[in-house]
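Here is how the chains run, residue by residue.
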Number of protein chains: 2
Amino acid sequence: MNIDFSTANRIIFGAGELLTLRKIIDGKYGKRVLIIKGRKYPNPGTLFSICEDAKVKWTYFNVEQEPDIETINQAVRLGREKECEFVIGFGGGSVIDTGKAAAALLNNQGSLLDYLEVVGKGKPLKNPSKPYIAIPTTAGTGSEVTRNAVILVPDKKAKVSMRNAYLLPEVAIVDPELTYGIPRTITGVTGMDAFTQVIEPYVSRYSNSLVDIFCEDAIKKSASYLLRGWKDGSDYEARDNISWVSLMGGLALANAKLGAAHGLAGPIGGMFSAPHGAICAALLPSVMLVNAEALSIRGSHLEKLSRFKDIARWVTGKENANINEGIEWIASLCENMRIPRLSELGIKKEHFPTIIQKSKKSSSMRGNPIQLTGQEIEKILELSF
Amino acid sequence: MNIDFSTANRIIFGAGELLTLRKIIDGKYGKRVLIIKGRKYPNPGTLFSICEDAKVKWTYFNVEQEPDIETINQAVRLGREKECEFVIGFGGGSVIDTGKAAAALLNNQGSLLDYLEVVGKGKPLKNPSKPYIAIPTTAGTGSEVTRNAVILVPDKKAKVSMRNAYLLPEVAIVDPELTYGIPRTITGVTGMDAFTQVIEPYVSRYSNSLVDIFCEDAIKKSASYLLRGWKDGSDYEARDNISWVSLMGGLALANAKLGAAHGLAGPIGGMFSAPHGAICAALLPSVMLVNAEALSIRGSHLEKLSRFKDIARWVTGKENANINEGIEWIASLCENMRIPRLSELGIKKEHFPTIIQKSKKSSSMRGNPIQLTGQEIEKILELSF
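The rules behind these values
Residues numbered from 1 in each chain as written. Chains lettered and ligands numbered in written order. Predicted model: local features only at pLDDT ≥ 70, side-chain atom pairs only at ≥ 80, totals over all residues. Least-squares fit on C-alpha atoms with pLDDT ≥ 70 in both. Contact = placed C-beta atoms within 7 Å. Helix = DSSP H or I, 4+ residues; strand = E, 2+ residues; numbered from the N terminus. Expected span 1.5 Å × (residues − 1). Buried ≥ 20, exposed ≤ 12 C-beta atoms within 10 Å, placed from the backbone. Domains from an automatic or database assignment. Nonpolar A, V, L, I, M, F, W, Y, C, P; charged D, E, K, R; others polar. Pairing = 2+ DSSP bridges. Axes fitted to C-alpha atoms, helices over the stretch in contact; angles between N-to-C directions. Parallel < 35°, antiparallel > 145°, perpendicular 65-115°, else oblique. Left-handed = near helix turned anticlockwise from the far one by under 90°. Core = buried A, V, L, I, M, F, W, Y, C linked by C-beta atoms within 7 Å.

**Topic: the relation of the copies chain A and chain B**
The two copies are related by a screw motion: chain A maps onto chain B through a turn of 180° and a shift of 0.0 Å along the axis, at an RMSD of 0.0 Å. What we have between these two chains is a two-fold relation. The overlap is high: 100% of the interface residues of chain A also sit at the interface in chain B, so the same surface is used on both sides.

In structure tokens form, the structure reads like this:
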């Protein structure tokens, strides 16, 4: 068991914990902050009050959708113009990722393309980021505790990941209260995104003992609370636990790789405007099914197969549940929460070959418990369609 | 469930991982390092080679025993004289703690007493520490992932804790191979120290969901591997798992408080020269017994009591084990590993009143699941004598 674990320097979790921000920003990081936030929800009133209270002057930047290069460069220009000394991200995964990239660029010269691999110059970041406080308002991506930012490159119809230890936030404040008003459809897909992020690392080729314990806890909690939170948005116990799953997902994915669901969601997200969480959710049951089949047909993967059995036990609560019962349980959960299928997300069958080809090169696909053939990947897409 | 979690920026765990140090120090932290190490064991040859290889010039400082103020000031003087840019601690808990304090003072003016509470001026640290890489060679204290350093104040016959987020190491490298040569007596007491550090936070008044999952995993592993590693020092699977328990203990105690075993071990360690781990080990079974009694007699502490039952299940492996069976199991483990009793550690009954009085003021005692009376604390000491 060899492990290399990093995360945000400080993680604060709990209903109402947004208020701890007051003490955190009190004189420590400077007098001018760049706030990155979503346009509509949630109301940033409390956030602004906290800054005023702490005598920190704020400038805000709205993120409308999944960030592309121009979005981030705009945020950085604003932050440089206002001489912001630190950054707060307050929103969903897109906002948190924009904040990460902006905080990095505020303390490094040049523009985003200088630092992106494949599509840009791929220069290493010279200096640590400006201090970055990530406050997710969905549950979610877990991005508040990871070291990468996903960025859309529209003219390449692709998403690229900016990955660097400097991108780890200084502080993550996960306050489930901020998710209490989220509508049902968002709760479903973001919750399934989080669920996927604790399942894929657990069966990943790069799983490790530390990630295992995060995943076990979070898979059990997902099974207990996802549907409850979806059915009744005012079930705060459920909401709190879904936020917890999201946080565990971030800790897990940052320290083990993911798998085919994310390996496919990357390229699909670059080609279609469907939300990342919805794509992962649509794919998860079929990915598990095809993986379990491949593992039992090919090679000696007993240890990995036994992990699918663990998941079956944890989600069904039955000590002797078999792998298929587990997968069926998860498929029913998706149906119950009315998770849309790939076809409902605008994906067309004619794009399958391109998706398959692109997915094979993705970093997440390398974490999949077994290398899948093109046919197997196609089967995943067919079953999720 | 409200949580405030911090740890080392990067945690590397695994047999042979000491070698990753080469890449870590490659140009990142500077050209001159202060190495804090124990006098005898383990041979720092590999460490020196790695530094030479990375063209980092090293100066070393030997720690002979639990550090006092003068030890740390000496280390700091050496580091300042040689203009060291970062610090590596390579040894047991005393070494790791000396390194923490030295790294902090190398980047802050003045001497240690300026920054110690109670016995000194209690000034806050103005600057972050110099980068500090902690490499424990015992399993152990878990100090590589905590934010405090325990310092002896001989003329007050007391130990004080220097506590600051800046004391969290930049990198912790936990390489179980470094513990493979440790003699049996050390394996027993340091292992029991680690075991205590996953039991006390689990039943602590400040337990939380994140600490819970570290503790559950580590309590189960302690039960499986402590005696095995003690019986056969070349059982590397056991050694690896004991190192793991030690790391989990650090993560747990840094993020929930401890309890009466540590509340008593602090003052006893200040008054007598017995090793900290041995004192904790001698106290643990009686602390659990008296706590469980107090919880069942007084007030409404069903949730805490159920945690003692969890521990009983995990250590005995029996689904319906009761609390006493768990405590007896741990007491037998201590007997089997020939853990000395308090009387064998040089503690005298006439000192009980002073110990009890001092323990009541300790920070760890505040984490105990229930406030103990003087009589109850005395009973702990009597039963451990």
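**Let's talk about helix α10 (residues 276–297) of chain A**
Here α10 of chain A contains 22 residues, and its C-alpha end-to-end distance of 31 Å stays within 8% of the 32 Å for a straight helix at 1.5 Å per residue. Extensive coverage of α10 of chain A is indicated by the burial of 19 of its 22 residues.

**What about the domain arrangement of chain A?**
Residue and element names in this part refer to chain A. By domain assignment, chain A separates into domain 1 (10–178) and domain 2 (183–384). One C-alpha centre belongs to domain 1, the other to domain 2, and the line joining them spans 26 Å. Facing 18 residues of domain 1, the contacting portion of domain 2 comprises 21 residues. The residue makeup of the side of domain 1 that touches domain 2, split by class, is eight nonpolar, six polar and four charged.

**Notes on the interface of chain A and chain B**
Between chain A and chain B, the contact holds 18 residues from the first and 18 residues from the second. Taken together, the residues of the side of chain A that touches chain B break down into eight nonpolar, five polar and five charged. Where strand β1 (residues 3–6) of chain A meets strand β2 (residues 10–13) of chain B, four bridges bridge the pair, whose relative direction is antiparallel. Its bridge partner lying in β2 of chain B, serine 6 of chain A is registered against arginine 10 of chain B.

**Some remarks on the pairing of strand β9 (residues 171–174) of chain A**
A regular strand carries its side chains on alternate faces of the sheet. All names here are of chain A. In β9, alternate side chains face the same way, and those of Val171 and Ile173 on one face and Ala172 and Val174 on the other are all buried. Where strand β2 (residues 10–13) meets β9, four bridges bridge the pair, whose relative direction is parallel. Bridge pairing links isoleucine 11 to alanine 172 in β9. For strand β6 (residues 132–136) and β9, the ladder comprises two bridges, and the chain directions are parallel. By the bridge assignment, alanine 134 is partnered in β9 with alanine 172.

**With respect to the packing of helix α3 (residues 69–81) of chain B against helix α4 (residues 93–106) of chain B**
Residue and element names in this part refer to chain B. The interhelical angle for the contact between α3 and α4, taken along N-to-C directions, is 50°, at an axis separation of 9 Å. Accordingly, the angle class assigned to the pair α3 and α4 is oblique. Where α3 crosses over α4, the two elements pack in a sense that is right-handed. From α3, Thr71, Ile72, Ala75, Val76, Gly79 and Arg80 reach across to α4, where they touch Thr98, Ala101, Ala102, Leu105 and Leu106. A breakdown of the residues in the contact of α3 with α4 according to their chemical character gives seven nonpolar, three polar and one charged.

**What about the sheet that holds strand β3 (residues 32–38) of chain B?**
What the seven strands build is an open sheet, ordered β1(A)-β2(B)-β9(B)-β6(B)-β5(B)-β3(B)-β4(B); its pairing is mixed. Each having just a single partner strand, β1 of chain A together with β4 (57–63) of chain B make up the two edges of the open sheet. Averaged over all neighbouring strand pairs, the angle between strand axes comes to 15°, with direction disregarded.

**Focus on the nonpolar core**
Counting 262 residues, the largest nonpolar core has Val87, Ala102 and Val198 of chain A together with Val87, Ala102 and Val198 of chain B as its most contacted members. If we ignore the near neighbours within four places in the chain, the residues touching alanine 102 of chain A are Leu34, Ile36, Ile72, Ala75, Val76, Gly79 and Val87 of chain A.

**Remarks on the packing of helix α7 (residues 209–231) of chain A against helix α11 (residues 302–316) of chain A**
The geometry of a pair of packed helices is captured by two quantities: the angle between their axes and the separation between those axes. Residues and elements named next belong to chain A. At a closest axis distance of 8 Å, the pairing of α7 and α11 adopts a crossing angle of 40°. Our classification of the angle between α7 and α11 gives oblique. At the point where α7 passes α11, the crossing takes the right-handed sense. Along the contact surface, α7 presents Glu216, Ile219, Lys220 and Ala223, while α11 presents Ile311, Trp314 and Val315. Of the residues assigned to the contact of α7 with α11, the class counts are five nonpolar, no polar and two charged.

**Overview of helix α13 (residues 352–360) of chain A**
The set of residues buried in α13 of chain A consists of Ile355, Ile356, Lys358 and Ser359 of chain A. Each element contacted by the buried residues of α13 of chain A is listed here: α9 (260–271) and α14 (374–384) of chain A.

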